[in-house]
Amino acid sequence: MAEKKLTRSNNKMIGGVCAGIADYLGLDPTIVRIAWILTVFFAGFGILLYLILWIVMPKAIG
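Residues numbered from 1 in each chain as written. Predicted model: local features only at pLDDT ≥ 70, side-chain atom pairs only at ≥ 80, totals over all residues. Heavy atoms only, no water.

So, on to the nonpolar core. Counting six residues, the largest nonpolar core is built from Val17, Cys18, Ala22, Val32, Tyr50 and Met57. Excluding anything up to four places from it in sequence, Met57 contacts Leu6, Thr7, Arg8 and Val17. (Core = buried A, V, L, I, M, F, W, Y, C linked by side-chain atoms within 4.5 Å. Buried < 20%, exposed > 50% of the residue type's maximum accessible area, 1.4 Å probe, protein only. Contact = heavy atoms within 4.5 Å.)

We now examine the environment of Leu53. By secondary structure assignment, the location of Leu53 is in helix 3 (residues 46–56). Ignoring anything within four residues of it in the chain, the contact list for Leu53 reads Val17 and Ile21. (Helix = DSSP H or I, 4+ residues; strand = E, 2+ residues; numbered from the N terminus.)

Bringing the confidence of the model for the protein chain into the picture now. In this model, the protein chain carries a mean pLDDT of 86, and residues with pLDDT of at least 70 account for 98%. Per-residue pLDDT, averaged within each element of the protein chain, yields its smallest value for helix 3 (88) and its largest for helix 1 (residues 17–25) (91). (pLDDT = per-residue confidence, 0-100.)

Encoded structure:
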């Protein structure tokens with residue numbers, strides 16, 4: 001079995017971070033995007049976390 005790697009997805013709305021996390025976890029990207037929006041509104045650190053992940057996560061190949 002191939003090793004799963006966390007990468008930014010080509011199925012992106014902004015940076016591909018949410019779709020990449022969804023691919024890694026085997027979830028629908030919409031669920032991860034909704035969770036991110038809730039994190040932005042209720043916890044306040046979602047935008048900073050997204051920007052950090054956008055910089056740190058490598059782009060998917062292919």
